[in-house]
Structure formats: structure tokens, C-alpha cells
Number of protein chains: 4
Amino acid sequence: MIIQLKPQVTPQQVDRLRDILDQKKFTTKDVNTQKGSYLIAIGKGDFDIRSIGFMEGVADIHVVSDNYKLVSAKWKVDPSEVDLGDGVNIKQGGLALMAGPCSIEGEEQINNTVEHLKEAGIRIMRGGVYKPRSSPYSFRGMGIEGLKLWHEIAQRNGIKIISEVMQVSQIEEMHDYVDIFQVGARNTQNYNLLDELGKVDKPVLIKRGISGTIDELLYSAEYVFSGGNENLLLCERGIRTYEKASRNTFDINAIPILKAKSHLPVISDPSHGIGIRDHVPAIAMASVLAGADGVIYETHQDPRKAFSDGQQTLNFRQSSQLANNLRRVMKMRKEML
Amino acid sequence: MIIQLKPQVTPQQVDRLRDILDQKKFTTKDVNTQKGSYLIAIGKGDFDIRSIGFMEGVADIHVVSDNYKLVSAKWKVDPSEVDLGDGVNIKQGGLALMAGPCSIEGEEQINNTVEHLKEAGIRIMRGGVYKPRSSPYSFRGMGIEGLKLWHEIAQRNGIKIISEVMQVSQIEEMHDYVDIFQVGARNTQNYNLLDELGKVDKPVLIKRGISGTIDELLYSAEYVFSGGNENLLLCERGIRTYEKASRNTFDINAIPILKAKSHLPVISDPSHGIGIRDHVPAIAMASVLAGADGVIYETHQDPRKAFSDGQQTLNFRQSSQLANNLRRVMKMRKEML
Amino acid sequence: MIIQLKPQVTPQQVDRLRDILDQKKFTTKDVNTQKGSYLIAIGKGDFDIRSIGFMEGVADIHVVSDNYKLVSAKWKVDPSEVDLGDGVNIKQGGLALMAGPCSIEGEEQINNTVEHLKEAGIRIMRGGVYKPRSSPYSFRGMGIEGLKLWHEIAQRNGIKIISEVMQVSQIEEMHDYVDIFQVGARNTQNYNLLDELGKVDKPVLIKRGISGTIDELLYSAEYVFSGGNENLLLCERGIRTYEKASRNTFDINAIPILKAKSHLPVISDPSHGIGIRDHVPAIAMASVLAGADGVIYETHQDPRKAFSDGQQTLNFRQSSQLANNLRRVMKMRKEML
Amino acid sequence: MIIQLKPQVTPQQVDRLRDILDQKKFTTKDVNTQKGSYLIAIGKGDFDIRSIGFMEGVADIHVVSDNYKLVSAKWKVDPSEVDLGDGVNIKQGGLALMAGPCSIEGEEQINNTVEHLKEAGIRIMRGGVYKPRSSPYSFRGMGIEGLKLWHEIAQRNGIKIISEVMQVSQIEEMHDYVDIFQVGARNTQNYNLLDELGKVDKPVLIKRGISGTIDELLYSAEYVFSGGNENLLLCERGIRTYEKASRNTFDINAIPILKAKSHLPVISDPSHGIGIRDHVPAIAMASVLAGADGVIYETHQDPRKAFSDGQQTLNFRQSSQLANNLRRVMKMRKEML
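Along each chain, the written sequence defines residue order, and numbers are assigned to residues from 1. Chain A is the first chain written and ligand 1 is the first ligand written, with later ones labelled in order. Thresholds applied to this predicted model are a pLDDT of at least 70 for local features of residues and 80 or more for the giving and counting of side-chain atom pairs; totals over whole chains, interfaces and linings are not thresholded and use all residues. Processing note: side-chain calculations cover all non-hydrogen atoms of the structure and skip hydrogens and water entirely.

Undergrad: Even after reading the chapter, I still don't get the interface of chain A and chain C, so can you show me in this structure?
TA: Residue-level contacts link four residues of chain A with four residues of chain C. Summed over both partners, the interface of chain A with chain C comes to about 340 Å²; 77% of that surface belongs to carbon and sulfur atoms. Among the residues chain A hides against chain C, the three largest losses belong to Arg240, Tyr242 and Lys244 of chain A. Together they make up 96% of the total. Salt bridge, as used here: a side-chain nitrogen of Lys or Arg that lies within 4 Å of a carboxyl oxygen of Asp or Glu. Linking chain A with chain C are zero salt bridges, by the criterion used here. Each residue is assigned to one of three groups, with Ala, Val, Leu, Ile, Met, Phe, Trp, Tyr, Cys and Pro labelled nonpolar, Asp, Glu, Lys and Arg labelled charged, and all others, Gly among them, labelled polar. When grouped by side-chain class, the residues that make up the side of chain A that touches chain C number one nonpolar, one polar and two charged. The contact rule is simple, with two residues in contact once any of their heavy atoms fall within 4.5 Å. Buried area: the accessible area, evaluated with a 1.4 Å probe, that two parts lose upon being put together, summed over both parts.

This is how it looks when you write it as C-alpha cells:
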């Protein structure tokens, strides 16, 4: 049960609500986000919501049968919107494009990529400065200095930044230099990281786990939301299956299912979803037609020379063409509704 | 290695080729289809194809490094086409639509469905008369009498029939009443059935196995092709994974991958691919945008009363709308190439 | 609901039962096996079994909540036993060993294997004469002539035969030359084959499907049992997962789960379960300790020269040692109960 | 390539080695653990190890073709041993038993469990004070105060403690109160956590990821080892598959495969591996027979009342019986080698 509180609710009013819920053996959790205040009540018994519906301080009450609550479409039927400022936002029907290299490699690469994004009309640049690598002997990214350099160039050019945060200590370090924190597939259930990102005033994109279920992705989003941060994006990036002809199995079913279950925007990552350069555009376009609100993909001036993931990275010509085609697909999707 | 033979090749010429290949420790297999004659040679050693390239009776030679040969795009770069007659064909860019109930239930249902298909401009009707059911106590279909009834009605209305064949003995029985034999997901590796379908002069649609790999689907097609039947369709229908929010995980990656690996048309089955009525259209449209040459889906005049698979079956209104939208998607796909 | 009928039940008595069940909207199915007669009733409504419990012809009634009925441990609490004659049987605590090559290759190989089995005290020989192969160009087995040769040698030496049947037409052909029909992993849901094997008076071992669930294996067994053949063995042989360090993932959990759910004997196939020769004994022993009633594994006089599956095949020395160790494990398991 | 250095190696000698390797385009990494010093060299070119084999400071050189190096059995053929002091150690053939509740719940529960372990001759107690929970509204454990209380009681009774660490900041906090740090299945690829655990002077048990491969588990161990901590345990706890009859699919194949690939001890977790109380003992015993060096399982004085995981938790009577049976199994395993 989600009890939406009025902005002017008093601590005494909240205490009274909690007392009533306690008596009914509900456990409660206060949630205060930048957008509002809620009291989440979890319990098994019957409860007549009219008994508290007219109490002072209560704006609205929603019974949500899902185990996740605040991210459920059952209480918030209008899709959420994430606003990055400067006219860049991510919302139902808006087609947010995020492109860039797997790894940030240096100034020249950043400049070239930014130039390409501006020409292609893409406002958000992706790139990793901390890279999760299965082998401890692999390149692990340029780190915070790379991020500062990137931020300086991006900001000058009106480009927003999304980059992966791998641990709690990096949140503060990265905070002033990113516009969206990305939680990677290996960290989708790193609950401490999610808890801390709940306290942050920047949007968070959560990738589905390597073999995570759709529900687990929603639970992970619930962690961040209930921690206080409503600015959330869900990302389908393919799951691990027995099929080895592609890097992962892009679960296109997840797109309409997530859109139906949650009010949060859904982004697709076709680069990791199939892992084969020539087929990335097909998966990207299919995902938008299936309902994705945005696409995050890898592009590099010379994919063969990329430090990582070159086999699934588009060159700039392919990237520009894809961006144009995705806009056409979105236009058609909106006409067909 | 595929050695394409000239129409007028003599047995002596073939024997001479085989002798040469024998000496090089290649094993050979004669393949004679309605469209041509081939000698397939499998071996490991080096072989200079010029040594046989100019021999009499040889039309062309292709070295194919894949383990499947005749279905590979490496020798036949032009996409194949399957012609059902009466102007109905399945080919690259042609958008073959096949719709109908999970199970054929009776005359009224057939009539209603045929009427709907005609209105929606759909030329091929799907339906099962032999149903594979995990429990022996479930309805197993109307059998051959149902098929005859259906055929009579369909033929009168210019509608082609695709229906599942489950065992060798049904091939002859069903032969005169179907336009396409369907091999179901549980029979994809039923090699005896595939062998026998190689001898048939009707097209065959092979569904990917319940947890079949993309390569296994191509191998299964190779069975039918090398048995003598080139009229083949491949079908992606979702695979079994840990994710239970959908009936299967529709592997959209398989569509561009199959199209790149093989010259055969690729059909998508979104009904089994996601198993949730409301989301079937999204998956259907996404699959066409990703490269599918056709779609097979379930529709029924009253899905709630369908004998089987009702939860993933569209009603006729939804079906008509989907057919129209799919045509728009295909039009856009062709414009974007 | 399973209604066990008395041996002397009359058709009239069965009709009366059926009428009562019809009125309650139950569908019924007659099952007559070599061991008994049953009426299976499937329905959703409430039903007071006392209303038919004392009717003439009724021996006993069991309500079975599982979707499979006759193979469930819920009605038949004593484990079933399969008797092959000549003192060879397969039963709870009896440790049935079945060993031999993947493919039957010729007389010398058969003789050598039979000799080895006799020395090792193994009474059942496995081997394929029809081989399911993913590529149509691979060796497909010696066929019926190989089976006849094998049978002649085996019978002379008191060795029983288990061999895979791939299609309905082979059942009659193979019938006189096998002691156990094996249904392979690719045919677990070949329902026509299962139906026909229900009419046969020889035991049937059903392998779990390549990615079959435990319940699907039980349903497949229900097909054969309800077709009239109670002499059934279930076989765990590994499932397909994302893990590629082994050929399959041997699902050891399936052993105690199957034993709890069903009264049928459970056999393990460690050769396909792990696919790595050196580790086959570890998996074999573990499976017996976990509750398997028998083991089927691959052995060959010279595994490197085996026509197929050599990498997972034990040589005779390893096989003898394994057989001895398995007996020790079973002895300890029985002491620990 | 692993270059084992002599204890008295000088910085100058290491620099000289590095120069030679640099010239050959090898990248190098210094590794200093409590047990020794190594120089790890990663490169693709040919390299004649004799050119450095006799240099001063070099103890030995091993070429390891695996991508993981220090955890590979290819250079360290003798199994590693982890010593917890007070006569408690974990090694090949030693059968380390670790039992206890899922969650530490309070003093009475700790006392009862410790009493049980002493009676059953079990020296290591498991329990969680920080619990990873998919829902943010679930009980997340007693935290550090629970751990201190537990440690006080355990130490007094000669019982060692293993407990899960979920984030870097907990390492220092927990350090003085645990004997083994456990890395949970959701954190197997939390590389920052692994890096930090490399600096710790306490053993680390790493669970296989929820759908982690065997190689990924070895890579994760390589992180900790190359970070400086050789005291490592690998743990198989079941993987996520399509099969839902059990909580996870216990991958018994992983046990002999890990033992062959690595010199590190392998522990099995049958409680999470099957998730069904009645079948936990079968899986535990099977895993030891297959080669596990220890077992970690859940036990509770009253499983029905456990805060979490009750359905897979043994009561004390079952736990005592299992401990005895596991010792018998290990005894037999050693006799059979």
C-alpha cells in the first residue's frame, strides 16, 4: 500500500497513520523523494483503506498487489519523465538517444565523438571510465581524471553524460561530472550501491542483471526509489542463455512487459543485446517499435581500434544512419497508436 | 563443398567426380531436388576446386565452411522464394502473413476465420488438427477429418493452409490437404520426420526447437533440403529460458542472424514467442522490422473460448489492425534499406 | 483421480462408473496395462469418492492432485520394479548398470564389450544402431542388421540390450532384439512414439529432454503408462544451460525430486551429463548416492577410436573400476538409510 | 606466465625482469601475498622462458595458458590449504563443515546453534548479519551488533565464523569478528569488493554467481589472489536455469571441473543448490563424493520459525545426522582413490 502524503503533512499526522498501521501489523517505511513524500505499508491482513483515506495529511492511497510498489504502474498510471535540463529529457514517446564508446580513451576520442553526436542530433553521450572486467589484468578505464576531461568537453558542447558507477565511494567522486549514473548488469543487485543512489539528486539508469528477471530489475529500481530518488530509467541489455550465436539474448519481450508493469522509462541497449555490429541497428529499431523510450548504443570513430567491445560498436556513419532511422521508427510508432 | 550439377549431367560424369573426391577422402552425398542436382562433399583435406571445376556436368562449385551446406548463404547469395501458387508466395520483402486458431475446432470456427482472413487480406491460415500436448489427457485435435473439412472451405475461398505434422505416417495422409507442412518445436530434431519431408513436394516450415540453437535449426533445414526439398521456411518462436514473465523468450537476435547465415525465408511466431495477447503485436512488428519475411500468429473469433492457447490469441479486430500495421512496418523497412 | 479396477470387472460395471463420472463433468480414459486396469478421471469439480468406492468392480480409488496421475508417487507408494528376466531387474536399491558404446560398430567391438561386461558383472549393454545426428552428413548407425548381430551375441552371453528407438516404424523392427527401448532426449516429447510404446510388452527408458523440465519427463512417462505399458524407467542425462565447461549440466537435483514425485525407477546418465571422460565416474557415483536406481554410461575398448562420443567414453579398465565403486556406494547408501 | 620470486629478491632484480618483459611487449603485475611474491606477465608473443629462468631472484617460472593464472592448477599442482587456527583448516580430503542459520537472529538462537555445532563436531558456523534481499522492505539482518554478539559467543566456544560481506565499507567493520569473509552470489563480480578483499589477512569464500560460469568464478578468485590474498575458497551453490522444481540447479559438474582447473579448495552449498529441506542431505553427500572439500549448509533450531530460507533449512537432528553421514562419505571417497 502506498500512502501519498500532502506536502504540508506534519510529523504528528504521520505518526498517527503509523500507529493505525502498526495495530494492523503492517510494517511501514517513510519515503521522501525530491518529488514527494510517501508512507509505504507492507502487510498481509485485510485493511479498509477508507479508515485512513480521509485523515489529515493524506493525499491519496493505492493498494499495489505487486511486491514492488513505488515503481509499479498500478499506482502511477502516467509515465514518468526524467529531465536532464537544457531541453534534454527522457519520456514516453521522446526517443532518448545515448551513444558513445565503451571506454573513454582520451581527449581526441572524446572530441571526435562529441562532434559526431552534435551532427547526428544526439544529446547524451555514454562512455565508461571505470570498467568492470572479468580479468584483473585487463584495462580498467581512465578513472576520475578521464571523467573530468570528458565532462569539460561535453558541457562546453551541450552534451549530457551517462557513465557507470561501480561502487559507493565513486558516487561522490563522479557526482558533479555525470548527468546520469549507470548501474551495470553485474551490479543490478548490489543493494548498498542502490541504497546510496537513492540519496542522490541525479538520475539513475539500472541495467537488467546478466541473468536477472524482469521482476528483479523492478525490485532494484524500488531500492533506489524508496531510498529517495524517483529519477529512474530501466534498461534491457540482453540476458544470458544457452544460445552462443549472439553475445547475449536480447529479451525484446521485456520491453512491452516492463512498460506495462512500471511507469518508468525503458531504454534498450542493442549493442550488448546482440553483440554483433552489423545487427545492432536491427535490434535497436525493433526495440523502439516494441515500445522503448530510448536507446543506448556504442559508437567509435574507428571500432577496430576501440579499447573494448569493438565488435559490437558502430562507426559514426552507421551511428548517424541509425539515429535517423530510429526517429522514423518512433514517428511511425506514434502514428500507429 | 557444394558441386552444382548441370541439368544434363550424366551418371558417368557424376561417377567420375565421385571417384576424384573419394581419392581425396571426401565423403559424398547426392542431392536431387525439384530445383536442381547437387553433389555434397564433406572432408577435411585441402582440395583445389579447379581440378574439377571444368569437368563436364559441373555447373558451379562452392566451398562452404559452415557445417550446414545447402541452406547456407555462403553459396546461394540470393534469397530463396517459396511459391504456394495462386499468387501467394513467401520471399524477401514480401511479408507473408499466416493467421488462425491454435486448434481447428469445427466448421463454424473455420468459416468465421476464413471470412476474417479474407477481409484482412491474409492469404494463409494456420491451425492444428494434430496437437502435441504435454498431458495425454488433453484435447489432441480433430485429426484428418478436421483437416479435410478445413481444406474444402479454405480452397473454395482461395486461402492456403499451414498445419503441423507430427509423425511420418501423417505426411501422406495430410499431403493433399495442406499447402505448407509445419514441423513443431518438439519435433525440430525428429530426424526421421525431416528425412521424409525431404521427399515431399510441398513446402515445409521448421520451428526452432524449444531450446534449440540457431545452428540446430539450420541443421534441421539441411536434413530436409538434402533429402530433396528446397521449399523451406525457418521459424523463430521463442526459446526456453529462466525468465517466466513471458511464455518463452522471443529471440529477436535470431532473425537478423538467420537472415545472414541462410538464404531461406524467416518467419516469426510472436504468439508463442511472448504468450501474452496484449504484447503479441509489439513483438510481431518488431520482428518484421528486424528482418522477418513473414509472421505466423494466433487469432480466434472469441479467444476466451478457444480450445487452447487463448491467452496468446488475438481477436479478429486486433488481428486486422495488426495485419495493417505489419504492412506499414514492412513498407518502412524497405524504404530504409 | 485413479480408479483401480478389479481383474474381474465387467464392461457393464465400467460403463456405470463412467456414467456417474460423466454426470459430474469428469472426462475418463480407460487404461489397461499388463499389470492392471484403471479408469482415469480428469475434472475440476468436487467429487465424493465414497459415492463410487463401494461399487462392484472397483478395487481402490486415489485422488492425485498432480497433473500426471499414473506415474505419481501419490497413489502408488511402493517403488515400481522392472523385470528383464534371467534375474536381471531394475528396482529401488538394486543398482542396475548399463554400459556400452555410443554406437554399435561391428562384431569385434560387440564381442569385446560383452566380454568386458561379463568380467565386470554388468548385465545390460547399451549401444545405438540408429543415431540421432544434428548433421545429415554424419554416421547414422548400423541399423537393424547391427542390432540383430548384437542381439545374437548378447543373448548367447546372458547380456540384456537397451537401444534407442527413434520412430514408430522402428518399434516393430527392433522389438524382438531389444530388452529395453530407449527414448532419446530429442524424442522425449515425440508423443506418437510414446503412444506406440504404450502398446509394447517391453520396458521403456525415457530420457529427459534436452531442456525438458522434470514435470515434462513425468508427463512423457504418463503417455506410455496410460497407453498400457507400466514398465518404465526415467533417466536424467543433463540439461542445456549457459554453462559450456561441460557438455550438459547434470541436474543432480532431479534425482531425489523424481524419486519423491514418482514410483518409477530413476537411472542416471553421467556420460552425457558431463561429457568429460575423467569426470564421468565422479558424477556417476554422486548420482547413486543421491538416489539413482541405476546408471547408464558409455564404455569402449578404445575410446579414441569410437565412432562417436569418444571424449566422454570410459575404457574398460575405468569401467570395471567404476562398476565396483558404484556397488560400494550403493552398499553405503543402503546402510545410511 | 607466473614468475615466482625468491623471498630475498631485490627491487633491482625485479626491475630488470620487468625491462626484459617490457621489451617483449608483455604487461606485468606485481603480486605480493602473505605467502610469496610473484610477477605476472601477460602477453601474446613467443617467449623463451630460459632467457630469464636463471636470473637472480627468480625461484620458478610457469607458463599458464588459462586466462586466470594464480588460481590455476597448471602452475600449483598441490592443493592449497586454508588454516583458520585452533586446528581448524580446509584442505583436500579434510571435509570442512560450516553450518548455521541463514540469518543471525539473536542471542538465544546463537547459543542454541553453537551448542548443536559442538555436539555435532562442526567447527565453523555460518550466518548472515547483512542480508542481500531483493525487496527493500525485507529484513536486512542484525548488522554489526549482531556480529559482535555472535563472535563473542562463538569464540568462547571454539567455533569459527563465516559471514557475508556485501560492500567495501563493511570489510574493516567486520574484520575482527569473522574468520572467513563470504562473497555472495550477487557480488561475485563486484570487482571493487574483490580488490579490497585481496588486501585482507582473512580467508575469503567466493560463491559462484547466480548465473556465473565456472571460468568467471575462477576470474573472481584471481582478483582476490592477485590483490594479495591467497586464502581462498570456491563455492558451488547452484545456478539459475529454466527448471523451477528446485530453487537453483546445483551444478555438480562444477565440483570435479573446479578441482581439476584450480588448486583452491571447493565447498558445496546444497541448501541454496536445491532449496528443498528433504533433499539437502542427498545433494550434500553427492557433492562430497564428487570431490568437494567441504559443505556449507543451513540449520536452525526451528526451521519453520527462521527469519529467512526456512524451507531449505535442516533442524538440528537432521544436521547431526548429515554431518555423520558426510564423514562416512569422505572416508569412503578417500578409500576409493
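Undergrad: Can you walk me through the interface of chain B and chain A in this structure?
TA: For an interface, size is often stated in terms of accessible area lost upon the parts coming together. With 39 residues of chain B at the interface, the matching set in chain A holds 39 residues. Taken together, both faces of the contact between chain B and chain A bury some 3,000 Å²; the carbon and sulfur share is 67%. Taken as a group, Tyr242, Asn253 and Met336 of chain B account for 21% of the area that chain B buries against chain A, more than any other trio of residues on that side. Linking chain B with chain A are four salt bridges, by the criterion used here. Notably, a salt bridge pairs Arg328 of chain B with Glu335 of chain A, separated by 2.9 Å at the nearest N-O pair. Between N or O atoms, a polar contact is any pair within 3.5 Å; within protein, one atom must be a potential hydrogen donor and the other a potential acceptor, and residues adjacent in sequence are included only when both atoms are from side chains. At the junction of chain B with chain A, the criterion picks out 16 residue pairs in polar contact (both at pLDDT 80 or more). At the level of secondary structure, the elements contributing two or more residues to the side of chain B that touches chain A comprise α8 (254-261), α9 (270-274), α10 (280-289) and α11 (316-336) of chain B. Secondary structure elements follow DSSP: runs of H or I no shorter than four residues count as helices, runs of E no shorter than two count as strands, and numbering proceeds from the N terminus.

Undergrad: Explanation requested: the environment of Ala73 of chain B in the structure shown.
TA: Residues and elements named next belong to chain B. Structurally, the position occupied by Ala73 is in the loop between β4 (58-62) and β5 (82-85). For the pair Ala73 and Gln109, spaced 36 residues apart in the sequence, the C-alpha separation amounts to 41 Å. Residue contacts for Ala73: discarding those within four places in its chain leaves Ala260, Lys261, Ser262 and His263.

Undergrad: Quick question: what am I supposed to make of the sheet that holds strand β1 (residues 2-5) of chain A here?
TA: Paired through their backbone hydrogen bonds, the strands of a sheet run either parallel or antiparallel. Residues and elements named next belong to chain A. Sheet architecture is open: four strands sit in the order β2-β3-β1-β4, paired in antiparallel fashion. Edge positions in the sheet fall to β2 (27-32) and β4 (58-62), since each has one partner strand and no second. Adjacent strand axes in the sheet meet at a mean angle of 20°, parallel and antiparallel pairs treated alike. Pairing between strands is defined by DSSP: at least two bridges between the two strands are required. Axis lines are fitted through C-alpha atoms, for helices just across the contact stretch, and the angle between N-to-C directions can take any value from 0 to 180 degrees.

Undergrad: Help me out: how do you make sense of the relation of the copies chain A and chain C in this one?
TA: C-alpha atoms of residues with pLDDT of at least 70 in both copies form the basis for the least-squares superposition of the copies. When chain A is fitted to chain C, the best match, at an RMSD of 0.0 Å, comes from turning it 180° and sliding it 0.0 Å along the axis. Interpreted geometrically, this transformation is the action of a two-fold axis. Looking at the rotation axis and the C-alpha trace of chain A, the residue lying nearest is Tyr242 of chain A, at 2.0 Å. A shared binding surface is used by both copies, with 100% of the interface residues of chain A retained as interface residues in chain C.

Undergrad: What should I look at first to understand the relation of the copies chain B and chain A in this one?
TA: Here two copies of a chain appear, and what relates them is a rotation about an axis with a shift along it. For the pair chain B and chain A, the relating rotation is 180°, the translation along its axis is 0.0 Å, and the fit reaches an RMSD of 0.0 Å. With an isologous cut-off of 70% or more, the 100% of interface residues of chain B that recur at the interface of chain A puts this contact in the isologous class.

Undergrad: Please explain the domain arrangement of chain A as it appears in this structure.
TA: Residues and elements named next belong to chain A. Residue ranges labeled as domains rest on an automatic or database domain assignment. With domains assigned, chain A is organised as domain 1 (2-62) and domain 2 (82-336). If you average the C-alpha positions of domain 1 and of domain 2, the two centres end up 36 Å apart. In this assembly, eight residues from domain 1 lie in contact with eight residues from domain 2. Roughly 620 Å² of surface becomes buried between domain 1 and domain 2 when both sides are summed, with 45% attributable to carbon and sulfur atoms.

Undergrad: Would you mind going over the pairing of strand β9 (residues 160-164) of chain C with me for this structure?
TA: Side chains on a regular strand alternate between the two faces of the sheet. All names here are of chain C. Among the five residues of β9, five are classified as buried, and the element is accordingly described as predominantly covered. Residues Lys160, Ile162 and Glu164 of β9 are buried on one face, and the alternating residues Ile161 and Ser163, pointing to the opposite face, are buried as well. Alignment of strand β8 (residues 124-126) against β9, held across three bridges, turns out to be parallel. Following the sheet pairing, Arg126 is matched in β9 by Ile162. Tracing the backbone out of β8, into helix α4 (residues 143-156) and back to the parallel element β9 gives a crossover that is right-handed. The pairing of β9 with strand β10 (residues 180-183) spans three bridges and is classified as parallel. For each residue, the accessible area found with a 1.4 Å probe, counting protein chains only, is set against the maximum for its type, and the residue is called buried under 20%, exposed over 50%, and partly exposed in between. If you view a crossover with the strands going away from you and the path from the first strand over the helix to the second runs clockwise, you call it right-handed.

Undergrad: I would appreciate a short explanation of the layout of surface pockets in the present structure.
TA: Remark: the empty space left among the atoms is shown by a probe the size of a water molecule rolled over them. Here a cavity means grid points, on a 1 Å grid over the protein atoms only, where a 1.4 Å probe fits yet cannot get out; a pocket means an open set of points with protein on both sides within 12 Å along at least five of seven lines; lining residues are those with an atom within 4 Å of a point. Grid points are joined across faces, edges and corners, and a volume is the space filled by probe spheres set on the points. Of the voids in this model, the second largest pocket is the one considered here, and its volume is about 1,000 Å³. Lining the second largest pocket are 47 residues, with Pro132, Ser134, Arg186, Arg247 and Asp309 of chain D sitting closest to its centre. Elements supplying a minimum of two residues to the lining of the second largest pocket: α7 (214-226) of chain A together with β9 (160-164) of chain D. Residue composition of the lining of the second largest pocket, grouped by class: twelve nonpolar, 16 polar and 19 charged.

Undergrad: What is the right way to look at helix α10 (residues 280-289) of chain D in this model?
TA: An α-helix turns once per 3.6 residues; consequently, residues spaced three or four apart project the same way. Burial analysis of α10 of chain D places nine of its ten residues in the buried class, which makes it a mostly covered element. What α10 of chain D keeps buried is the set Val280, Ala282, Ile283, Ala284, Met285, Ala286, Ser287, Val288 and Leu289 of chain D.

Undergrad: Sorry if this is basic, but what is going on with the side chain of Asn190 of chain C here?
TA: Mapped onto the secondary structure, Asn190 of chain C falls in the loop between β10 and α6 (191-197). Relative accessible area serves as the criterion here: at 4%, Asn190 of chain C is assigned to the buried category. If we skip the residues at most four places from it in the chain, Asn190 of chain C touches Asn187 and Asn190 of chain B together with Met166 of chain C.

Undergrad: Explain unusual backbone geometry here, please?
TA: Backbone geometry follows two general trends: most residues other than glycine have a negative phi, and most peptide bonds adopt the trans configuration. Unlike most non-glycine residues, Leu95 of chain B shows phi in positive territory, near 50°. With respect to the secondary-structure elements, Leu95 of chain B resides in the loop between β6 (88-90) and β7 (96-100). In the Ramachandran plot, Asp309 of chain D falls in the positive-phi region, its phi being about 60° despite a non-glycine side chain. With respect to the helices and strands, Asp309 of chain D occurs in the loop between β14 (294-298) and α11 (316-336).

Undergrad: Explain the nonpolar core to me, please; I cannot follow it from the model alone.
TA: The tendency in soluble globular proteins is for nonpolar side chains to be buried side by side. Ranked by internal contacts, the top residues of the largest apolar core, which has 328 residues, are Leu197 of chain A, Leu197 of chain B, Leu197 of chain C together with Leu197 of chain D. Every residue in contact with Leu197 of chain C, bar those within four places of it in the chain, is listed here: Val165, Ile171, Phe181, Val183, Val204, Val224 and Asn229 of chain C. Take the buried residues of types Ala, Val, Leu, Ile, Met, Phe, Trp, Tyr and Cys, join any two whose side-chain atoms come within 4.5 Å, and each joined set is a nonpolar core.

Undergrad: What am I meant to see in the sheet that holds strand β1 (residues 2-5) of chain C here?
TA: Residue and element names in this part refer to chain C. With antiparallel pairing, the four strands of this open sheet are ordered in space as β2-β3-β1-β4. With one partner strand each, in any of the chains shown, β2 (27-32) and β4 (58-62) form the two edges of the open sheet. The mean angle between the axes of side-by-side strands here comes to 20°, regardless of whether they run parallel or antiparallel.

Undergrad: When you look at the pattern of salt bridges in this model, what are you seeing that I'm missing?
TA: Two side chains bearing opposite charge may form a pair once their charged atoms approach each other closely. Counted under the stated rule, the structure contains 92 salt bridges over all chains. Its salt-bridge partner being Glu152 of chain C, residue Arg156 of chain C comes within 3.0 Å of it at the nearest N-O pair. You can see Arg156 of chain C and its partner Glu152 of chain C sitting in helix α4, four residues apart, about one turn around the helix. Close ionic contact of Glu243 of chain C with Arg208 of chain D constitutes a salt bridge, the shortest N to O distance being 2.7 Å.

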